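A closer look at the structure
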Amino acid sequence: EPEVTQTPSHQVTQMGQEVILRCVPISNHLYFYWYRQILGQKVEFLVSFYNNEISEKSEIFDDQFSVERPDGSNFTLKIRSTKLEDSAMYFCASSVDRGQETQYFGPGTRLLVL
Amino acid sequence: AQTVTQSQPEMSVQEAETVTLSCTYDTSESNYYLFWYKQPPSRQMILVIRQEAYKQQNATENRFSVNFQKAAKSFSLKISDSQLGDTAMYFCAFMTPQGGSEKLVFGKGTKLTVNP
C-alpha cells in the first residue's frame, strides 16, 4: 500500500540554523500539507500546497517558513532561522483531492532546536 | 472558527473489552467530515475511521465504529475487543471544505492504554 515518507526521522540543529524537512507524498496525490505537533500538544495545521502554490496557511506559517515541490516527487518544508520553539514533530500529509478527501500522514520528522 | 474537544485526556481498558472515546465539535457549517486518527508510540498518524456529515449511517471499520450525533455535534469512537496494539493517542479531527479550506482541525487527544 502506498505511503507518505519523510526524511530525516530525527533532526537536531542549533538555533538560527536553516533546516529542510523532506517528504515524498503518495504518487497520485495532488494536495500536500504540513502539520506540526509540539510535544504534548495537539496537531496544528501549517500549510497546504497545490499546483505549485500555497493554497492555505496558518498564522504559525510566517516568513521563516517556506514550502517547495522541487521535482515531481518531493515536497519540502524549510525553516530559515530556527528558534527553540520550532522544536516539534513535523508531519507531512497528502490527499488525492481537496475538500472531502482523506489526508494520509507520513511518519513525521522530530526536530529539536538547541 | 471550528473547534474540536476531547474531554478525556486518558483512558484505560482491559484487553478484549470495549471502550468509547468522546469527541465534540463546534461548527456552523453543514458540509463537513470527521476523522479519528491513531498515534502509537512511534508517533505516526494513522487514519482509523472517517465519517461524512451528510451520511446518517455510522461508519464502521472492523472493530472500530463511531456514534455520530449530528444535532449534538458529537462523534465518539467505540473500540470493540480491545487489543494491546490499540494502545495509542487517539485524535479526533474535523474538516470542512466550505470556503475552500482543506485543513484538519484536531482535538487535544485521548491517551488510551489497553491493559493485559
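Residues numbered from 1 in each chain as written. Chains lettered and ligands numbered in written order. Predicted model: local features only at pLDDT ≥ 70, side-chain atom pairs only at ≥ 80, totals over all residues. Heavy atoms only, no water.

**Let's talk about the overall build of chain B**
Helix and strand counts for chain B come out as zero helices and 12 strands. Against the globule reference of 13 Å for 116 residues, chain B gives a C-alpha radius of gyration of 14 Å, in line with a compact fold. The principal-axis extents of the C-alpha atoms in chain B amount to approximately 45 × 30 × 20 Å. For chain B, the proportion of its 116 residues judged to be buried stands at 49%. (Helix = DSSP H or I, 4+ residues; strand = E, 2+ residues; numbered from the N terminus. Rg over C-alpha atoms; globule rule 2.2 N^0.38 Å. Buried < 20%, exposed > 50% of the residue type's maximum accessible area, 1.4 Å probe, protein only.)

**Digging into the overall build of chain A**
From N to C terminus, chain A includes zero helices and 11 strands. Secondary structure elements of chain A occur, N-terminal to C-terminal, as β-β-β-β-β-β-β-β-β-β-β. By the compact-globule yardstick of 13 Å for 114 residues, chain A fits well, its C-alpha radius of gyration being 13 Å. Considering only C-alpha atoms, chain A reaches an extent of 35 × 30 × 30 Å along its principal axes. Taken over 114 residues, chain A has a buried fraction of 46%.

**Section: the sheet that holds strand 8 (residues 75-79) of chain A**
All names here are of chain A. Spatially, 1-3-8-7 is the arrangement adopted by the four strands of the open sheet, whose pairing is antiparallel. Of all strands in the sheet, those with a lone pairing partner are strand 1 (5-7) and strand 7 (65-68), marking the two edges. When the angles between neighbouring strand axes are averaged without regard to direction, this sheet yields 20°. In terms of strand pairing, strand 3 (residues 19-24) meets strand 8 through five bridges, oriented antiparallel. When the bridges of strand 8 are listed, isoleucine 20 appears paired with lysine 78. (Pairing = 2+ DSSP bridges. Axes fitted to C-alpha atoms, helices over the stretch in contact; angles between N-to-C directions.)

**Concerning the side chain of A:Thr102**
Position of A:Thr102 relative to the elements: it lies in the loop between strand 9 (88-95) and strand 10 (104-105). Accessibility expressed as a relative area gives 7% for A:Thr102, which makes it buried. A distance of 2.8 Å separates a polar atom in the side chain of A:Thr102 from a polar atom in the side chain of B:Arg50. Contact partners of A:Thr102, with chain neighbours within four places excluded, come to A:Ser94, A:Ser95, B:Phe35, B:Tyr37, B:Leu47 and B:Arg50. (Polar contact = N/O pair within 3.5 Å; in protein donor to acceptor, adjacent residues only side chain to side chain. Contact = heavy atoms within 4.5 Å.)

**A few points about the side chain of A:Ser66**
Structurally, the position occupied by A:Ser66 is in strand 7. Ignoring anything within four residues of it in the chain, the contact list for A:Ser66 reads A:Phe61, A:Thr76, A:Leu77, A:Lys78 and A:Arg80.

**Here we look at the environment of B:Ser22**
Following the sequence through the fold, B:Ser22 ends up in the loop between strand 3 (19-21) and strand 4 (24-26). Residues B:Ser22 and B:Lys78, 56 residues apart in the sequence, show an inter-C-alpha distance of 8.9 Å.

**Notes on a nonpolar patch on the surface**
Judged by side-chain polarity, A:Val12, A:Leu112 and A:Leu114 come together as a nonpolar surface patch covering roughly 270 Å² of accessible area. Turning to its location among the elements, A:Leu112 is positioned in strand 11 (residues 109-113). (Patch = residues over 30% accessible without salt bridge, like charges linked within 9 Å, V, L, I, M, F, W, Y side chains within 5 Å. Areas by Shrake-Rupley, 256 points an atom, 1.4 Å probe, with all protein chains shown as cover. Salt bridge = Lys/Arg side-chain N within 4 Å of Asp/Glu carboxyl O.)

**Thoughts on the interface of chain A and chain B**
If you look at the interface, chain A gives 24 residues, while chain B gives 20 residues. The contact between chain A and chain B buries some 2000 Å² in all, and 52% of this surface belongs to carbon and sulfur atoms. The interface formed by chain A and chain B holds zero salt bridges in total. Counting every contact that joins chain A to chain B gives eight residue pairs in polar contact (both at pLDDT 80 or more). Secondary-structure elements contributing two or more residues to the side of chain A that touches chain B are strand 4 (31-37), strand 5 (43-50), strand 6 (53-57), strand 9 and strand 10 of chain A. Element by element, the count of residues in the side of chain A that touches chain B is highest for strand 4 of chain A, at four residues. (Buried area = accessible area lost by both parts, 1.4 Å probe.)

**Here's the deal with the state of the cysteines**
Residue and element names in this part refer to chain A. Following the criterion strictly, the structure yields two disulfides over all chains and no others. One disulfide bridge connects cysteine 23 with cysteine 92, the sulfur atoms lying 1.9 Å from each other. Across the disulfide from cysteine 23 to cysteine 92, rotation about the S-S bond amounts to roughly -60°, and the bridge is consequently left-handed. Of this pair, cysteine 23 sits in strand 3 while cysteine 92 sits in strand 9, and the two are 69 residues apart along the sequence. Taking the relative accessible area as the measure of exposure, cysteine 23 reaches 0% and is therefore buried. Its relative accessible area of 0% is what places cysteine 92 among the buried residues. (Disulfide = S-S within 2.5 Å.)

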